[in-house]
Amino acid sequence: MKFFVDTADVAVIKELAATGLLDGVTTNPSLVAKVGRDFKTVIREICEVVPGPVSAEVAATDYEGMVAEGRVLAGIAKNVCIKVPLTWDGLRACRTLTAEGHMVNVTLCFSANQALLAAKAGATFVSPFIGRLDDIGLDGMELIREIRVIYDNYPELTTEILAASIRTVNHVKQAAMVGADVATIPPAVLQALVKHPLTDIGLRQFVADWEKTGQKIL
Ligand code: E4P
């Protein structure tokens, strides 16, 4: 399973990239607004830090606008993945941009049929939003399960399922269990994945016992 981080904060991305466990980055207009910096500069900087796909979302909502903006974003770096919304115009733009050789992430996916359309449009990634479905009392993980079944029924569909809107470490585990190809994870959740109280207690004990031996490895 690939791990992407869901943020536009370059300092945080640098820190997480140093773990060697980061496969890509996703941003969206809300995350860009949060950092309050120039969008294209931020995307360029992220692409220099992380060699994997970096999702940059178009602002236009019409086909022509999305294609034009997508081409500009793709020109920033080779690893830019153009993000378009799951609308008819977005799907058309996806088809055009992937035919030109660009990576495309179709975002704001809330149903299995939408995911099927994204795959038929040749999307590199489809982003089902788990947390936002949970927020309205639905089961976000069930959507990932359904998409996995559908894509597995049709091996010619090569779109990767990018589990998005992840809110908890449990979401990450469940997304991995139901076969999401990628999880895009907020930094705090990514950092929390390593934590377990028994790991901390065990390590403290081992360090204390090692000191008793009086030995050194180096
Ligand atoms: C990622 O591509 C999405 O934009 C993001 O995961 C949305 O998360 P949110 O529902 O927490 O805003």
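See the structure above.
For the structure given in this document, a descriptive report is provided here. Just so we're clear, the structure is a prediction, and the values are computed from it rather than from any experiment.

### Focus: helix α5 (residues 88-99)
Here is step 1: Its 12 residues place the ends of α5 17 Å apart at the C-alpha level, agreeing with the 16 Å of an ideal helix rising 1.5 Å per residue.
Here is step 2: Of all the positions in α5, only Gly 90, Leu 91, Ala 93, Cys 94, Thr 96, Leu 97 and Thr 98 are classed as buried.
Here is step 3: Structurally, α5 contributes buried residues whose contacts are with α4 (63-74), β4 (80-85), β5 (103-109) and α6 (112-120).
Here is step 4: With its phi angle positive at about 95°, Gly 101 sits one or two positions after the end of α5.

### Side note on the pairing of β4
Here is step 1: Burial analysis of β4 places six of its six residues in the buried class, which makes it a mostly covered element.
Here is step 2: Burial along β4 is two-sided: Val 80, Ile 82 and Val 84 and Cys 81, Lys 83 and Pro 85, pointing in opposite directions, are all buried.
Here is step 3: Handedness of the crossover joining strand β3 (residues 54-57) and β4 through α4: right-handed.
Here is step 4: Pairing geometry for β4 and β5, over five bridges, is parallel. Residue pairing for β5: Ile 82 is matched across the bridge by Val 104.

### Digging into the packing of α4 against α5
Here is step 1: Where α4 contacts α5, the two axes come as close as 9 Å, and the packing angle between them is 40°. Between α4 and α5, the angle is such that the two are oblique. Between α4 and α5 the crossing geometry is right-handed. On α5, the residues touching Tyr 63, Met 66, Val 67, Gly 70 and Arg 71 of α4 are Asp 89, Gly 90, Arg 92, Ala 93, Thr 96 and Leu 97.
Here is step 2: Along the lines of polarity and charge, the residues of the contact of α4 with α5 split into five nonpolar, three polar and three charged.

Thresholds applied
Residues numbered from 1 in each chain as written. Predicted model: local features only at pLDDT ≥ 70, side-chain atom pairs only at ≥ 80, totals over all residues. Heavy atoms only, no water. Helix = DSSP H or I, 4+ residues; strand = E, 2+ residues; numbered from the N terminus. Expected span 1.5 Å × (residues − 1). Buried < 20%, exposed > 50% of the residue type's maximum accessible area, 1.4 Å probe, protein only. Contact = heavy atoms within 4.5 Å. Right-handed = clockwise from strand over helix to strand, strands pointing away. Pairing = 2+ DSSP bridges. Axes fitted to C-alpha atoms, helices over the stretch in contact; angles between N-to-C directions. Parallel < 35°, antiparallel > 145°, perpendicular 65-115°, else oblique. Left-handed = near helix turned anticlockwise from the far one by under 90°. Nonpolar A, V, L, I, M, F, W, Y, C, P; charged D, E, K, R; others polar.

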